[in-house]
Amino acid sequence: MAKAEKLVVEVVAAHNLMPKDGQGSSSAYVEVEFEHQKRCTRARPKELNPVWNERLVFAVADPDDLPYRAIDVGVYNERSASVAGGGAAPHGRNFLGKVRVPAAGVPAPGEEAVPQLFTLEKRSLFSHIRGEITLKIYRTNSGDMVVKSKPEKPVKAVVSGPEVVAAPPLNGAKKQQQQQPVVTVQPPPPQPEAPMDILPPPAPVLMKPVMLADPYPASAVFSGPGDFSLKETRPRLGGGTTADKASATYDLVEQMQYLYVRVVRARGAAAVGETVAEVKLGNYRGVTPATAAHHWDQVFAFSKETIQSSFVEVFVRARGSDDHVGRVWFDLSEVPRRAPPDSTLAPQWYSMEDRKGERGAVEVMIAVWFGTQADEAFAEAWHSKAAGVHGYGPLGSIKSKVYVAPKLWYLRVCVIEAQDLIPMDKGPMAIGRYPELFVRAQVGSQMLRTRPAPMAANRGPSSPFWNEDLIFVVAEPFEEFLVLSLEDHVSPGRDDVLGRLVVPVSSSERRWDEKAVVSRWFGLDRGNVASSNSNRFGSRVHLRLSLDGGYHVLDEATAYSSDLQPTGKQLWQPHVGVLELGVLGATGLIPMKARDGRGATTDAYCVAKYGQKWIRTRTVVDSVCPRWNEQYTWEVFDPCTVITVGVFDNCHVDKLASGNTTLAVRDNCIGKVRIRLSTLETDRVYTHAYPLLMLHSSEVKKMGELHLAVRFCCGNAGNMFHAYVRPLLPKMHYIEPLLVRQVESLRVQATNVVAARLGRAEPPLGREVVEYMLDHRSHLWSMRRSKANFFRLVTVLSGPITVGRWFELVRSWHRPVHSCLAVFTFLVFVTMPELILPTAFLAMAFTGLWRYRVRPRHPPHMEMRLSHADAATVDELDEEFDTFPSSRGDVVRFRYDRLRSVAGRVQTVVGDIATQGERMQALLSWRDPRAALLFSIACVLAAIIAYAIPMKVLVGLWGLYAMRPPRFRSRMPSPLMSFFRRLPSKADSLL
């Protein structure tokens, strides 16, 4: 009986590997796969030239099939081994290179084997790989296995199947196991592919900070800084079982109890001058602005959690004085409770006590009640948690607001022609020069220009013709002017103005469809240029001006837009539902600033954007675990849209409190979340903690967690399902489509217009907030984003690739039963082709029904690995955050060379694709007369065979030929492939 053979791969060493741990080194290990068996060496920490000298042994099922097999060798960086000090690190690996070695040339048992040097190959177009690996591959019999001496004592792996010599555990693993608490887990059964059964050391336990009560209890464990997953929470929405009427409207937030004190005005204090009203509750006190009319109408809201007294006091003081002219107090046990939709509590006049405790002439109008955040006064009230913020300006910057973005239009300026132009340059240099005439148009900060007018046989230099469209973004109300200047490019740096024109944007005609508006002639003004002919005739320009309301002005990327409706409201479709968002709070925010006396802290607020409606929650001062509990509602016109929620740190509080209003302050971005409405089930409340990921110039950081409650209610199921078959964009985008470069340019201009208008609100929404929410830098080059998109494409193609691998497995006849079933199924479909389409559709339907059990239960969130942020290098992130144009003059050359390298690979791939297409065209072009003659003869023979033999028989014979066993196949390329590769292309005609 013949002895079973083993395949031995001795991994000797690697040289000049690429550093992948972010510290200029790598902890490399090798993974070898052969016939679905995987073996791994141990990792060599912090070594770019590692030496292993380890043997990996594989079972050979059939030595006769070795010529058709290959050995896949991959080199990886182990991240957990790359962290110094044995701390916690995310499990994973980085790709360092691969090698595919055909098994046909492996020495047989008894033959001498020598080490071979292989160059590491790339896995994809964007891989950064370098280095070589030395391997020694040979075959041996099972009885001849001899374990050579190793530098360290090996650990025998307990596996079922082939014999494996495993590496010892990493240094310090045993010590860590003794020191760390032991967690007993039922392990899965050992797999044959596993190289060893070594229990890894348990990761350090992340302890949750001690809190009096967790406001957002979650079903999962505490998510520390390294946890980037989404977690479901269970907050007490709507007040739980003790909910009142307010829960009918505010049922997506937790009820927060407040004591409201409304101080309207005082009388009887005319002799005092300017007065202020002060409300005091325990250690908290709020003060109104000073006024001589003694009229304040200010509401103070004290959170029930901060109430430290049994009564509330109201004082009236002279401005700048510590002595009061009147005092009144209320027992909290006697204060009434109000719940909407009850009407507001009417204020009443109360007599105030003077400093002696006697009733004086001063009276004050006050209303005091208990309520929740559903109260109408909540948004404009002064809050006790903002006790350190005083003054109208600072208080205005921390209140919650709802903003309505301006309605955006596309202004289309069609420059048709001009007449009777008078040149400015009449000197000798103008003789014999044909003028380069163009039109420059400007609306606000947007400036565009036409191309130079071409020469025409029937037109002179004074009557140029363009017929070119210039498109601008304008917003209602139309306050801007369209400024046109007709110019002549005389020389570099010199453009002579031949005439100007100023037209109000509001005078342009509005259009809703593809019908063109009426064009008009406009006279040009030559400004201060004196001309003796100005009274006899004047230059003029022919324009067609229109405000296009049939387009949707894109201010977000189409992939995650929140609104797809056209500008004209009469073209809107009926709404399909309502989106309700409850902004509950945030936990574990990273402190963004240092404040005197209070250490590091954050003044956080939320901004949500959907459609034209922007909302801003109030700012919670001095808290890294803020609780907002504010609820907002939007109408939904398309379910395939996205809502964006961002968290920011309010930097205007310190600026206004310090009195320095001249310094430009930008709010800090903490993170944002996108939720696609089509992924939500109807009428279900989703309560989750979303990780706030922020990409910095050095790394990606988790800035905290945002707790949201989301519900999507469907108003009309018919409109909902009809929305899925409607065009994504309005009709004008398909009848008169915009160019790709125009869309990106107009999107940037739309972002600038929205930021400018929202910056004029009170309190203003900063430009940095608007740009971050609209993701204005998404169109710029990013190596990280390019890699992420490439791997997304690889994932999409993984399905066809898996089918191809399965077909190769069938053709290999490694599993004869599966191959026989595949051949039988193929013959059934060949004999009865009418079953192919019904079977395919039924298979997809049953697959969808089967996957309904394991459907996603949570909305999608921003993933770090999908964004390729965890594997991005420091230089790639620094390049992504670089300004445009670049401000990194010292490294631009290196980045340009790297971009040239990547572009060179893309250029090669595009050239290869073009070569294959040109070879297809060359079949009948007679560029190669002999190849064309052979192909023509083959086509005639194929036509005769196809006519004489039924198509079922031909397809069946082809399938059987393709799935024949390996021993009936040759390793040489097929004649058809050899013939195709010899066809000519145009590559040899390139310079």
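Please refer to the structure higher up on the page.
Note that the coordinates shown come from a computational prediction; the quantities given were computed from them, not determined experimentally.

What follows is about the sheet that holds strand β38 (residues 668–676). Spatial ordering of the open sheet is given by β21-β35-β34-β37-β38, a layout of five strands whose pairing is antiparallel. Whereas interior strands pair on both sides, the edge strands pair on one side only; in this sheet they are β21 (401–404) and β38. Shown here is a sheet whose adjacent strand axes are inclined to one another by a mean of 15°, direction ignored. When strand β37 (residues 642–649) meets β38, the two strands line up antiparallel, connected through eight bridges. Bridge pairing in β38 places Ile643 opposite Ile675.

The tally for this structure, following the rule as stated, stands at 18 aromatic pairs. Look at Phe300 and Trp382: their rings are 5.5 Å apart centre to centre, the planes differ by 65°, and that puts the pair in the edge-to-face class. Of this pair, Phe300 sits in strand β15 (residues 295–303) while Trp382 sits in strand β20 (residues 382–383), placing them 82 residues apart in sequence. Overall, the relative accessible area of 0% leaves Phe300 in the buried class. Taking the centre distance of 6.0 Å and the plane angle of 75° together, the rings of Phe311 and Trp329 count as edge-to-face. Of the two residues, Phe311 is situated in strand β16 (residues 311–318) and Trp329 in strand β17 (residues 324–331); the sequence distance between them amounts to 18 residues.

On to unusual backbone geometry. Look at the link from Glu476 to Pro477: it is a cis peptide, with omega at -10°. Along the polypeptide, Pro477 turns up in the loop between β25 (465–475) and β26 (481–491). With omega at 0°, the peptide bond leading from Glu762 into Pro763 counts as cis. By secondary structure assignment, the location of Pro763 is in the loop between α6 (740–758) and α7 (767–774). The residue Asp297 is not glycine, and still its phi comes out positive at about 50°. As for its position among the elements, Asp297 is in strand β15. You can call Asp297 partly exposed: its relative accessible area is 37%. Notably, Asp775 is not glycine yet its phi reads approximately 55°, a positive angle.

Cut-offs applied
Residues numbered from 1 in each chain as written. Predicted model: local features only at pLDDT ≥ 70, side-chain atom pairs only at ≥ 80, totals over all residues. Heavy atoms only, no water. Pairing = 2+ DSSP bridges. Helix = DSSP H or I, 4+ residues; strand = E, 2+ residues; numbered from the N terminus. Axes fitted to C-alpha atoms, helices over the stretch in contact; angles between N-to-C directions. Phe/Tyr/Trp six-rings, centres within 6.5 Å; stacked < 30°, edge-to-face > 60°. Buried < 20%, exposed > 50% of the residue type's maximum accessible area, 1.4 Å probe, protein only.

All quantities given are derived from atomic positions and should not be read as evidence of function.
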